[in-house]
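Breakdown of the fold
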Amino acid sequence: MLFGKEHVERYQATDGAEGHDWNGTTALLLTTTGRKSGKRYTTPLIYQRHGDDYLIVASHGGSDIPPDWYLNLQADPEVEVQVLADKFPARARTADREEKPEMWRTMTATWPDYDEYQKKTDREIPIVVLERAS
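This section reports on the structure supplied with the text. (Residues numbered from 1 in each chain as written. Predicted model: local features only at pLDDT ≥ 70, side-chain atom pairs only at ≥ 80, totals over all residues. Heavy atoms only, no water.)

All right, on to the pairing of strand S6 (residues 78–83) then. Both faces of the sheet carry side chains from a regular strand, because those side chains alternate between them. Pairing between strand S2 (residues 25–33) and S6: three bridges, direction antiparallel. For Leu-30, the partnering residue across the bridge sits in S6 and is Val-81. Note that S6 and strand S7 (residues 86–94) share six bridges and pair antiparallel. Residue pairing for S7: Glu-78 is matched across the bridge by Arg-91. In sequence, S6 turns back onto S7 through a hairpin of two residues, with Leu-84 there showing a positive phi of about 55°. (Pairing = 2+ DSSP bridges. Helix = DSSP H or I, 4+ residues; strand = E, 2+ residues; numbered from the N terminus.)

Here is the structure:
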């Protein structure tokens, strides 16, 4: 099973033929700009479609601290996304209170552990909506 840097490298080298289908679900690559360093960081993340958009979860395994990629996109919501061979610029936003419950159900249907992660922390785990830039 692929993880971390190796997951990113195999995904990029094979246009997602290796790495898109991951542990019974699907993964995309999210590239953010470091809020302190200005460097580009690419992270493999479980996703689901929501209309024309893509949903990801800033769970960090239920940690009380959000993942770095989420802090980065809060500072700069202009990101790059790769789904299989499709690479595109996108704008990231956190789902609002009204839309989150439906999106949460979508994401827990594909990765039930998200419910367990939420139980581990007092932090409300955000759903991030990736909207393709025109």
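On to unusual backbone geometry, then. Even without being glycine, Asp-15 reaches a positive phi, approximately 50°. A relative accessible area of 35% means that Asp-15 is categorised as partly exposed. At Leu-84, a position not held by glycine, the phi torsion is positive, near 55°. By relative accessible area, Leu-84 is classed as partly exposed at 37%. (Buried < 20%, exposed > 50% of the residue type's maximum accessible area, 1.4 Å probe, protein only.)

On to the side chain of Thr-121, then. Along the chain, Thr-121 falls in the loop between helix H4 (113–120) and strand S8 (127–132). According to the relative accessible area criterion, Thr-121 is buried, its value standing at 6%. Among the polar contacts listed, one links the side chain of Thr-121 to the backbone nitrogen of Arg-123, at a separation of 3.0 Å. Among residues more than four places away in sequence, those in contact with Thr-121 are Gly-62, Ser-63 and Asp-64. (Polar contact = N/O pair within 3.5 Å; in protein donor to acceptor, adjacent residues only side chain to side chain. Contact = heavy atoms within 4.5 Å.)

This brings us to the pairing of strand S3 (residues 40–46). Summarising the sheet, S2 and S3 pair through seven bridges and their orientation is antiparallel. Following the sheet pairing, Thr-32 is matched in S3 by Tyr-41. Hairpin connection of S2 to S3: six residues between the antiparallel strands, including Gly-38 at a positive phi of 75°.

Here the focus is the nonpolar core. Most often, soluble globular proteins have nonpolar side chains that are buried together. Counting residues in hydrophobic clusters, the biggest one holds 18 residues, and the most contacted among them are Leu-28, Leu-30, Ile-56, Trp-69, Val-81 and Leu-130. Looking at this core, the elements that each hand over two or more residues are S2, strand S5 (53–57), helix H2 (68–75), S6, S7 and S8. In this structure, Ala-27, Ile-46, Trp-104 and Val-129 belong to the second largest nonpolar core, which totals 15 residues. (Core = buried A, V, L, I, M, F, W, Y, C linked by side-chain atoms within 4.5 Å.)

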